[in-house]
Amino acid sequence: MQNKGLVKLFAVLFGLVSIYQLSFTFKANQIERKAKEIAVSKVPDTEADYRVKRSNEEANYLESIATDTVFNIGIAKFTYNDVKEKAMNLGLDLKGGINVILQVSVKDILKGLANNSKNPIFNKALDDASELQKNSQNTYLEDFFKAFDAIKGDTKLASPDIFYTKALDGEIDGSMSDDEVKQVIQTKIDESIVSAFEVLRKRIDEFGVTSPNIQRLGTSGRILVELPGVKDVERATGLLQSTAQLEFWDAYKGEQFFPFLSQANEVLKGIVNVKPEAQVVEGNDEENATDSKIDELLGDTSTDSTAVAANPLFDLIKGQGYSGGPVIAKFEIKDKDKVAEYLNMPQVRALLPVEQRYVKFAFGKPEKDSELIDLYALIGNRDNVPELSGAVVTDARNAFGPTGKPTVSMQMNAKGAKIWEEMTGRAFTQGTQIAIVLDNIVYSAPGVTTGPISGGNSEISGSFTLNEAVDLANVLRAGKLPARADIIQSEVVGPSLGQEAIDNGKLSFMIALALVLVWMIIYYGKAGGFADIAMVLNIVLIFGILSGLGAVLTLPGIAGIVLTIGMSVDANVIIYERIREEIAKGKGQKEAIQDGFSNALSSILDANITTGLTALILFVFGTGPIKGFATTLLIGIGTSLFTAIFITRLLIDWYVNRGRKLDFSTALTKNLFRNLNIEFLKKRKVAYIVSGTFILISLGSLLTEGLDQGVDFVGGRTYQVRFAQDVNASEITATLSKVFGSADAKTFGEANQLKITTKYKVNETGAEVDEQLRVDLYKALQPHLDGLTYEDFISDADTKTVGLMKYYKVSPTIADDIQKASFWAILGSLIVVFLYILLRFKKWQFSLGAVLAVFHDVLIVLGVFSLTYKFLPFSMEIDQAFIAAILTVIGYSLNDTVIVFDRVREYLNEHTSWNFEKVVDVSLSSTLGRTLNTSSTTLVVLLAIFIFGGDSIRGFMFALIVGIVVGTYSSLFIATPLMYDTIDKAEKKKKIN
């Protein structure tokens, strides 16, 4: 092998970088374990609300060391914040948090665009569209247009009392046809949803959530938000559902409020109970400290601690703005809520002069890596309505200012341009600023240096990064549109479930790894040991890359990694089997190794590329756990290729060059699968009959029994139940599944509270059904309720601490999105793989055989689920994870088939005298050892995960196990025979012609 030194260098560098990345995860886990131990030692479980107190103690400890150095690697030191940021991100199922799907109200957006029109036809069309949505696959906008066209008569969308309004002046005029107006409205709807998406992302950033996942779900107006680790669910959901606010306000000069701050501080002394500090903290702005007006108000800051009185407001001030600027003072970010509370107290606001009584206090956007935040005073009014809102912005683009820093240029409509000219004129004359406010946060407060700005063109400058400028431009371009965001589905996962998932994942991972490592040594002897070393390095690289990329690790992601272990064996198996073939031909050891690696390369690349293409489609079309699975699979394919082709070769060459012998087999396996000559094609008719029978049975079951569709597809009911003692979510799930047929219990917050979801009687509605379900739920949970009566269980008392706390229905409307995404994912992967096989093998019959075999495998897997879901002792619901399983089966089936096809192509070129039937039979026989070895190894891995991985992925693993068995069968008896039959007919036609 050439460039061994370069390969060694890359292997060492990649390994060291991966270990470096993973070290932060180990350190973060160590610190968090210590925080839990401290909390437990401080708060015994005999105290009331000990769980909440422990959680607070844990959070306080972690906050206290946030900026302390906790990790020293010699060449660099890291604080806890640094360590936490670099640690591996865990998804919702491993860490806990919330999973929310929001529906942006397109109806409200349309009302806003029509200026809340009273037109009866317009409003009737809105109501009709809402009715159509109940049984429609269209978006709300499509149904609105449909409803309007049905009743419009002579009314036009461009009517002055519908969409020909001042808000849309310049974009819609009275002469436009309905089709032209529809295009404009479609654009405005899309822009408003993008705006909502950007605003949600900015809001979520305030949480400090590790790798939140925020996605638009097609053009439906739905947005998926996943927030791992979020505990304050009420705050999160409230934040997500509130509407966006983009506003332009005139700003006061900061120094105008210094007298007010002094008076407020004195009043607060009599209201707020503040303990005296050892000394007053000086402002951080050292350059201006000596002549600071704030310091003048504070007096001598070096006074001895015994003579210092507590200053509720002044003690919080950490700096000031520049003279003539809009910033009153600087505070620490952690004190923001306290300062806002002080300034908005009625006793404090009463101190404001008459001309400032409507002032609006707002905080700025903190700069990166800064602990300080600016306080602004905006010129308000009685109605608290800005003079100018984002609704007037017709266009906005990110640009670069004279200094090269990112800016945002914007264009307003005629009305906005006039108001903007007045505002900029006042700001120029008075030397003041105009604050750009988004969701009550001042993003920038630029001054005006060139006089009134006419025409509605302007540029906003500030401490923007390029991405921030792009995001702000997106928000400005969409403008302020009244649109609520309703939560149509939410999933709350508590931390105890995360720990259970992590423990199960670790166990299945270690067992599967041990089984694979032992098997490789049993089968290939010392060579298997070298493959094991490469495999361990492969695992380190996978986790290191995941950590370095900031990818989120989920439970299906762990399954993807363990599956990758099984599939990574495949490359080594292919190489070793080819080397054994070369040795059997009588070649010397070094020559056999050289030719074995060379001959195996084509098969390895073709097999991994087809699997990789499928994983890529899965990544593009998947959401949440599916994307996590695809991410780990894609990374695993890349690292497996590197370790199998290069690292294994390095180890083998090192061993052989020392003069030692390597047999690539053991006494048990030396002659296994040697010199086989099975006539597979003569058995193809029997295989066709068997497969045809299974397919007919599967189709019959699918048409009559259907599938056990999960809550994602059919909706359901969710119950939040609190117990007096901690409960085991898995045990409750098993108990409820016996009653409801299908149920899922997940820890909600603390370990004594569960969120129970079931689709039982989902199609039945009414008070009687709801009551019966509550009774059934109570009876099933009675052993865990410590004698609680049914009346107390369902009561609505405010003082209630145990029992049924909340109940709501989960909307099934997301099902359409999942089904469409799944359909396009499967179709897209098949089309891409068909084209790739056609490109590589030059005959469409190869592509046809592979794709038909995939359809065969998918139908049988679906049929098995349809036939068995009623009696198997674990959940076989069809959900997003099942879709990932189906796509993985497709990838594995293609992998197997391509290996056989690659050998057929090779033998066609080498043995030109053989007839085609012999070529196919010998190809299948010669690859049988590899096929069964890889399939068996992968099945062992999957069985380990199935048995030890926990209930949450058992159905997912079962689908993969069935798929591997069926995929192995189809590559031998379906894909290759179908290819043979179609090519055979084509060749006959060619000879006749």
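Conventions adopted
- Residues numbered from 1 in each chain as written.
- Predicted model: local features only at pLDDT ≥ 70, side-chain atom pairs only at ≥ 80, totals over all residues.
- Heavy atoms only, no water.
- pLDDT = per-residue confidence, 0-100.
- Helix = DSSP H or I, 4+ residues; strand = E, 2+ residues; numbered from the N terminus.
- Core = buried A, V, L, I, M, F, W, Y, C linked by side-chain atoms within 4.5 Å.
- Buried < 20%, exposed > 50% of the residue type's maximum accessible area, 1.4 Å probe, protein only.
- Contact = heavy atoms within 4.5 Å.
- Expected span 1.5 Å × (residues − 1).
- 1 Å grid on protein atoms, 1.4 Å probe; cavity = no way out; pocket = protein on both sides within 12 Å on 5 of 7 lines; lining within 4 Å.
- Points joined across faces, edges and corners; volume = space filled by probe spheres on them.
- Nonpolar A, V, L, I, M, F, W, Y, C, P; charged D, E, K, R; others polar.
- Pairing = 2+ DSSP bridges.
- Phe/Tyr/Trp six-rings, centres within 6.5 Å; stacked < 30°, edge-to-face > 60°.
- Lys NZ or Arg CZ within 6 Å of the ring centre and 35° of its normal.
- Axes fitted to C-alpha atoms, helices over the stretch in contact; angles between N-to-C directions.
- Parallel < 35°, antiparallel > 145°, perpendicular 65-115°, else oblique.
- Left-handed = near helix turned anticlockwise from the far one by under 90°.
- Salt bridge = Lys/Arg side-chain N within 4 Å of Asp/Glu carboxyl O.
- Polar contact = N/O pair within 3.5 Å; in protein donor to acceptor, adjacent residues only side chain to side chain.

Scored by pLDDT, the protein chain has a mean of 80; 82% of the residues are at 70 or more. Mean pLDDT across the elements of the protein chain ranges from a minimum in helix 11 (residues 293-298), with 45, to a maximum in helix 21 (residues 684-704), with 94.

Further remarks concern the nonpolar core. By size, the foremost hydrophobic cluster in this structure holds 119 residues, and its most contacted members are Tyr576 and Ile652. Each residue touching Ile652, except ones within four places of it in the same chain, is listed here: Phe530, Tyr576, Ile593, Phe597, Leu662 and Phe664.

Turning next to helix 14 (residues 414-430). Helical geometry note: an α-helix holds 3.6 residues per turn, so side chains three or four residues apart project in the same direction. Taking 1.5 Å as the rise per residue, helix 14 with 17 residues should run 24 Å; its terminal C-alpha atoms sit 25 Å apart, in good agreement. Regarding helix 14, the residues found buried are Gly416, Ala417, Ile419, Trp420, Met423, Thr424, Gly425 and Ala427. For helix 14, the elements touching its buried residues are strand 7 (246-251), strand 12 (388-389), strand 14 (406-412), strand 15 (433-438) and strand 17 (457-460). Where helix 14 ends, the next residue or the one after it, Gly431, has phi of about 70°, a positive value.

For the structure on display, the rule yields eight cavities of 30 Å³ or more. Estimated volume of the second largest cavity: approximately 130 Å³. Lining the second largest cavity are 16 residues, with Met567, Ser568, Asn608, Ile637 and Asn895 positioned closest to its centre. Its residues assigned to classes, the lining of the second largest cavity shows six nonpolar, eight polar and two charged.

Trans is the prevailing form of peptide bonds, just as negative phi is the prevailing case for residues other than glycine. Positive phi, normally seen in glycine, also occurs at Phe664, with a value near 60°. For Lys842, which is not a glycine, the phi torsion comes out positive at approximately 65°. Along the polypeptide, Lys842 turns up in the loop between helix 26 (815-841) and helix 27 (844-868).

What follows is about the pairing of strand 1 (residues 69-72). Examined bridge by bridge, strand 1 and strand 2 (residues 77-79) share three bridges and lie antiparallel to one another. Paired with Phe71 across the strands is Phe78, a residue of strand 2. Between the end of strand 1 and the start of strand 2, which pair antiparallel, lie four residues, with Gly74 showing a positive phi angle near 95°.

Attention shifts here to the packing of aromatic side chains. Per the counting criterion, the structure on display carries 33 aromatic pairs. Between the aromatic rings of Phe71 and Phe78, the centroid separation amounts to 6.3 Å while the plane-to-plane angle is 35°, which identifies the pairing as tilted. With respect to burial, Phe71 and Phe78 carry one shared label: buried. Here the aromatic rings of Phe916 and Tyr980 are separated by 5.7 Å at their centres, their planes lie at 10°, and the arrangement is stacked. In this pair, Phe916 sits in helix 29 (residues 916-926) while Tyr980 sits in helix 31 (residues 954-992), placing the two residues 64 residues apart along the sequence. The structure contains a cluster of three or more aromatic residues connected by ring pairs, namely Phe122, Phe144, Phe145, Phe148 and Phe163. When the ring centre of Phe24 is taken as reference, the NZ or CZ atom of Lys86 above it lies at 5.7 Å.

Helix 27 packs onto helix 21 with a crossing angle of 50° between their chain directions and a minimal axis gap of 8 Å. It follows from the interaxial angle that helix 21 and helix 27 lie oblique. Judged by the twist between their axes, the crossing of helix 21 over helix 27 is left-handed. Here Ser691, Phe694, Ile695, Ile697, Ser698, Leu699, Ser701 and Leu702 of helix 21 lie close against helix 27, whose contacting residues are His856, Leu859, Ile860, Leu862, Gly863, Ser866 and Leu867. Of the residues assigned to the contact of helix 21 with helix 27, the class counts are nine nonpolar, six polar and no charged.

Once that is clear, we can look at the environment of Ile436. Mapped onto the elements of the fold, Ile436 is located in strand 15. On the accessibility criterion, Ile436 (1% relative accessible area) is buried. For Ile436 and Leu246, which are 190 residues apart along the polypeptide, the C-alpha to C-alpha distance reads 7.7 Å. Setting aside chain neighbours within four positions, we find Ile436 in contact with Glu247, Phe248, Ile441, Val442, Tyr443, Ser444, Pro446 and Ile460.

Another aspect to go through is the pattern of salt bridges. One pass over the full model with this rule turns up 36 salt bridges. The salt bridge partner of Lys587 is Asp595, with a shortest N-O separation of 2.6 Å. The exposure class assigned to Lys587 is partly exposed, which follows from its relative accessible area of 27%. For Arg903, the salt bridge goes to Glu906, with nearest N and O atoms at 3.8 Å. Linking Arg903 with Glu906, this pair stays in helix 28 (residues 880-910), spanning three residues, or about one helical turn. Glu906 carries the same exposure label as Arg903, and that label is buried.

Our next topic: the side chain of Asp250. Structurally, Asp250 is set in strand 7. At 2.5 Å, the side chain of Asp250 and the side chain of Arg426 are in polar contact. Among all residues touching Asp250, those that are not within four sequence positions of it are Leu378, Ile379, Glu387, Met423, Arg426, Gln433 and Ile434.

Here we take up the environment of Ala391. In this fold, Ala391 is placed in the loop between strand 12 and strand 13 (393-400). C-alpha separation for the pair Ala391 and Gly416, spaced 25 residues apart in sequence, amounts to 8.5 Å.

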